[in-house]
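Read off the chains here:
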Amino acid sequence: MGLLVDGVWHDQWYDTKSSGGKFERAAAKFRNWVTPDGSKGPTGVSGFAAESGRYHLYVSYACPWAHRALIFRQIKGLSDHISVSAVHPDMLGDGWTFQTDDHGATGDTLFGLPFARDIYTKADPAFSGRVTVPVLWDTQQNTIVSNESSEIIRMFNSAFDAITGNTDDFWPEAQRDAIETVNNRIYDTFNNGVYRCGFATTQDAYDEAIAPLFDTLDWLEDRLARNRYLMGDALTEADWRLFTTLVRFDPVYHLHFKCNRKRIVDYPNLWAYTRELYQHPGVAGTVNMDHIVRHYHYSHDTINPNRIIPTNPVLDFMAPHGRGG
Ligand SMILES: N[C@@H](CCC(=O)N[C@@H](CS)C(=O)NCC(=O)O)C(=O)O
């Protein structure tokens, strides 16, 4: 794991010394938006019009943030319009690589480059920052549109509707403020909260993250006892953002990130809801549990230096979920 400084790769782990042992996620740096006509989005510059075959998505199947983008590509009918490359699950001294010796790792199907960092320096030869996935690449301007998943899913939600004919709306205007409130709590304490627990390097930093994480799971369990989905009767982006952390929780975060007060299977509503979302058409195919389990345990040598991959209990995501009846 490492980062680019002025376009040069440095192999180093996250710096938690300056933050009292806390893991602090850096903000993504490419923040342009694909829009139906190429006009400027909420951030960045104009010039990225929605077109079939123009954009390429770089993902890791292991990564919960990239997984959001993969799910939206699927549920918004974009598979024939946006191509995908998937990195290798092992993220070691060279960061994400395009090695192909693992089922599902496609290599860089656009350029045949060896490392994900090469995509970043192709877009900006002097790039400084972490080389993260997902990355949305524009084959026309030969640059990165965005490396921020929360924004990529909003582009996928609507920018290509005229091309796909799919007008399902997971970010409905009338609910945006309410969705934002729910997203923020889930992001801080759960999506990113598991990382704040797992990457903490002091007891205090861990303690500070673990308590709100389980408070949020109790709050979610109660909310999902009363509502089929987070925002009521219809699926929204808030559900998909939650799902990618839920599906990784028992196989990875519970043990590897020490989020072990309870498991998701111990919460009847959360577990049934996780199964329902997993069984949503097209979604199961975006979940590569081998990459998920392998990546975390093999790549984080400060947490698991001997790279032992655990034999997890087998979870039946396809068991009837019984929700919505
Ligand atoms: N803000 C980004 C975060 C993406 C992110 O941190 N991805 C992780 C994988 S789960 C990554 O690529 N990490 C590499 C690194 O930090 O060096 C997003 O949501 O798109």
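Here the structure is a predicted model, which is why all the values come from computation and not from measurement. For every chain, the first residue of its written sequence is number 1, and the numbers climb from 1 along that sequence. Owing to the predicted nature of the model, reporting of local features is limited to residues with pLDDT of at least 70; listing and counting of side-chain atom pairs is limited to 80 or more, with chain, interface and lining totals taken over all residues.

## Comments concerning the overall build of the chain
Working step 1: Numbering goes from the N terminus for both helices and strands, where a helix is a DSSP run of H or I of at least four residues and a strand is a run of E of at least two. Secondary structure summary: the chain contains 10 helices and 7 strands in total.
Working step 2: As a reference, a globule follows 2.2 Å times the number of residues to the power 0.38, and the radius of gyration itself is taken over C-alpha atoms. Here the C-alpha atoms of the chain give a radius of gyration of 19 Å, agreeing with the 20 Å that 2.2 N^0.38 yields for 325 residues.
Working step 3: Dimensions of the chain, computed from the C-alpha atoms along their principal axes, are close to 50 × 45 × 35 Å.
Working step 4: Buried, partly exposed and exposed are defined by the number of other C-beta atoms within 10 Å of a residue's own C-beta, namely 20 or more, between the two limits, and 12 or fewer respectively, with C-beta atoms placed from the backbone. Out of the 325 residues belonging to the chain, those deemed buried represent 41%.
Working step 5: For every residue pair, C-beta atoms are placed from the backbone, and the pair is scored as a contact if these atoms sit within 7 Å. Considering only residue pairs separated by 6 or more positions, the chain has 65% of its internal contacts joining residues 24 or more positions apart.

## Focus: the packing of helix α1 (residues 64-75) against helix α8 (residues 237-256)
Relative placement of two packed helices is described by the angle separating their axes and the distance separating the axes.
Working step 1: Convention adopted: a line fitted to C-alpha atoms gives each axis, helices being fitted over their contacting stretch, and angles between N-to-C directions are expressed from 0 to 180 degrees. The N-to-C vectors of α1 and α8 enclose an angle of 125°; their axes lie 9 Å apart at closest approach. Accordingly, the angle class assigned to the pair α1 and α8 is oblique. Crossing angle aside, the handedness with which α1 passes α8 is right-handed. Between α1, through Pro64, His67, Arg68, Ile71 and Phe72, and α8, the contact on the second element is made entirely by Trp240, Arg241, Thr244, Thr245 and Arg248.
Working step 2: Charged residues are taken to be Asp, Glu, Lys and Arg, nonpolar residues to be Ala, Val, Leu, Ile, Met, Phe, Trp, Tyr, Cys and Pro, and polar residues to be all remaining types, Gly included. When its residues are assigned to classes, the contact of α1 with α8 shows 4 nonpolar, 3 polar and 3 charged. By the definition adopted for this analysis, an angle is roughly parallel if under 35 degrees, roughly antiparallel if over 145, roughly perpendicular if from 65 to 115, and oblique otherwise. Should the near helix be turned counterclockwise from the far one by less than a right angle, the crossing is left-handed, whereas a clockwise turn marks it as right-handed.

## Side note on α8
Working step 1: Multiply 1.5 Å by the residue count of a helix minus one, and that product is the helix's expected span. With 20 residues, α8 should reach 28 Å at 1.5 Å per residue; the first-to-last C-alpha distance of 27 Å fits that figure.
Working step 2: At any given residue, the bend is defined as the angle formed between two axes, one fitted to the seven residues that end at that position and one fitted to the seven that begin there. Where α8 bends most, at Phe249, the angle is about 80°, and the proline Pro251 comes one to four residues later.
Working step 3: Counting buried positions along α8 yields 18 of 20 residues, so the element is predominantly enclosed.
Working step 4: Directly beyond the C-terminal end of α8, a positive phi value near 60° is found at Lys258.

## Examining the UniProt feature "active site" (unreviewed entry) in the chain
Working step 1: UniProt records the feature "active site" (unreviewed entry) for Cys63 and Tyr195 in the present numbering. Judged by maximum C-alpha separation, these annotated positions cover 133 residues in sequence but sit close together in space, the widest gap being only 11.7 Å.
Working step 2: Checked against the element boundaries, Tyr195 lands in helix α6 (residues 193-198). UniProt positions are given in the numbering used here, feature names are shortened, and annotations may be inferred rather than shown by experiment.

## Observations regarding the UniProt feature "domain: GST C-terminal" (unreviewed entry) in the chain
Working step 1: What UniProt calls "domain: GST C-terminal" (unreviewed entry) maps, in this numbering, to residues 172-296.
Working step 2: As annotated, residues 172-296 comprises 68% helix and 0% strand, and the C-alpha atoms at either end are separated by 34 Å.

## Thoughts on the environment of Ala26
Working step 1: Considering the arrangement of structural elements, one finds Ala26 in the loop between β2 (8-10) and β3 (55-59).
Working step 2: When near neighbours in sequence (up to four residues on either side) are disregarded, Ala26 contacts Gly129 and Arg130.

## Points about the environment of Ala159
Working step 1: As for its placement among the helices and strands, Ala159 is situated in the loop between α3 (149-158) and α4 (161-164).
Working step 2: Residues Ala159 and Glu24 lie 135 residues apart in sequence; the distance between their C-alpha atoms is 31 Å.
Working step 3: Residues in contact with Ala159, not counting those within four places in the same chain, are Val34, Thr35, Pro36 and Ala50.

## A closer look at the pairing of strand β7 (residues 143-146)
Working step 1: Two strands make a pair as long as DSSP finds a minimum of two bridges between them. In this structure, strand β6 (residues 135-138) lies alongside β7, joined through 3 bridges in antiparallel fashion. Opposite Leu136, over in β7, you have Ser146 as the bridge partner.
Working step 2: Between β6 and β7, which follow one another and run antiparallel, lie 4 residues, and Asn142 among them has a positive phi close to 50°.

## Brief notes about the domain arrangement of the chain
Working step 1: An automatic or database domain assignment supplies the start and end points of every domain. Here the domain parsing of the chain yields domain 1 (3-164) and domain 2 (173-280).
Working step 2: On a C-alpha basis, the centres of domain 1 and domain 2 stand 23 Å from each other.
Working step 3: Between domain 1 and domain 2, the residue contacts involve 14 residues of the former and 16 residues of the latter.
Working step 4: Those elements that place two or more of their residues in the side of domain 1 that touches domain 2 are α1 and α3.
Working step 5: For the side of domain 1 that touches domain 2, the leading source of residues is α1, giving 5 residues.
Working step 6: Taken together, the residues of the side of domain 1 that touches domain 2 sort by class into 6 nonpolar, 5 polar and 3 charged.

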